[in-house]
Amino acid sequence: MKIAFGCDHGGYELKLALMEHVKSRGIEVLDMGCNGERVDYPVYGKKTAEAVAEGQADLGIVCCGTGIGISIAANKVKGIRCAVVTTPYMAEMTKAHNNANMLAFGGRVLTAEQAIEFTDIWLDTEYLGDYHALRVAMLDEM
Ligand code: RB5
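A quick note: this is a predicted structure, and the numbers were derived from the prediction, not measured.

Caption draft 1: Seen up close, the environment of V52. Within the element layout of this structure, V52 appears in helix α2 (residues 41-53). Sequence-wise, V52 and N101 are 49 residues apart; in three dimensions their C-alpha atoms are separated by 8.0 Å. In contact with V52, other than residues within four places in its own chain, are A4, A57, D58, L59, G60, I80, N101 and M102.

Caption draft 2: Summary view of the packing of helix α1 (residues 12-24) against helix α5 (residues 112-124). Two numbers describe how α1 lies on α5: the axes approach to 10 Å, and their chain directions differ by 45°. On the basis of the axis angle, α1 is oblique to α5. The way α1 lies across α5 gives a crossing that is right-handed. Between α1, through L14, A17, L18, H21 and V22, and α5, the contact on the second element is made entirely by A112, A115, I116, T119 and D120. Its residues assigned to classes, the contact of α1 with α5 comprises seven nonpolar, two polar and one charged.

Caption draft 3: Expanded view of the sheet that holds strand β5 (residues 102-106). In spatial order, the strands read β2-β1-β3-β5-β4; together these five strands make up an open sheet with parallel pairing. At either end of the open sheet lies a strand with only one pairing partner, and these are β2 (28-31) and β4 (82-84). The sheet shows a mean angle of 25° between the axes of neighbouring strands, taken without regard to direction. Relative to strand β3 (residues 59-64), strand β1 (residues 2-7) is paired through five bridges, and the arrangement is parallel. Looking at β3, one finds that I3 is bridged to L59. In this fold α5 packs onto β1, β3 and β5, with an angle of close to 165° to the strand it touches most, β5.

Criteria and cut-off values
Residues numbered from 1 in each chain as written. Predicted model: local features only at pLDDT ≥ 70, side-chain atom pairs only at ≥ 80, totals over all residues. Heavy atoms only, no water. Helix = DSSP H or I, 4+ residues; strand = E, 2+ residues; numbered from the N terminus. Contact = heavy atoms within 4.5 Å. Axes fitted to C-alpha atoms, helices over the stretch in contact; angles between N-to-C directions. Parallel < 35°, antiparallel > 145°, perpendicular 65-115°, else oblique. Left-handed = near helix turned anticlockwise from the far one by under 90°. Nonpolar A, V, L, I, M, F, W, Y, C, P; charged D, E, K, R; others polar. Pairing = 2+ DSSP bridges.

Here it is as structure tokens:
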């Protein structure tokens, strides 16, 4: 399992903490940048999403100040279902129902501990499939 990571300057510290955490779970990481410098979040949302869509990574996590801008960019890439998550319930449901293949977090919104907790929930929850698969297929058609 490999997870692609991307961020802007608002999400850089959070990205580092999340990469360390997933590595400690035995998961490989693919760091798409940035390295803490001021950058434009659409560039890194797109780059990271393309890495997932093209199969260079199985999943992706992107971080900006709020998680919103970079999630909007990621969701422009076909095949990407990127969810901004701010609660444990959202982390669980976006895997169980949406089969989200990317998460987005806000470095100015969440603590590293919260984002790590939500990431673990997402990774450990099973996608339910069944009738949810029809809705996910509708998303992927768009
Ligand atoms: C950058 O200052 C900030 O706009 C960005 O990190 C993000 O919050 C956008 O959604």
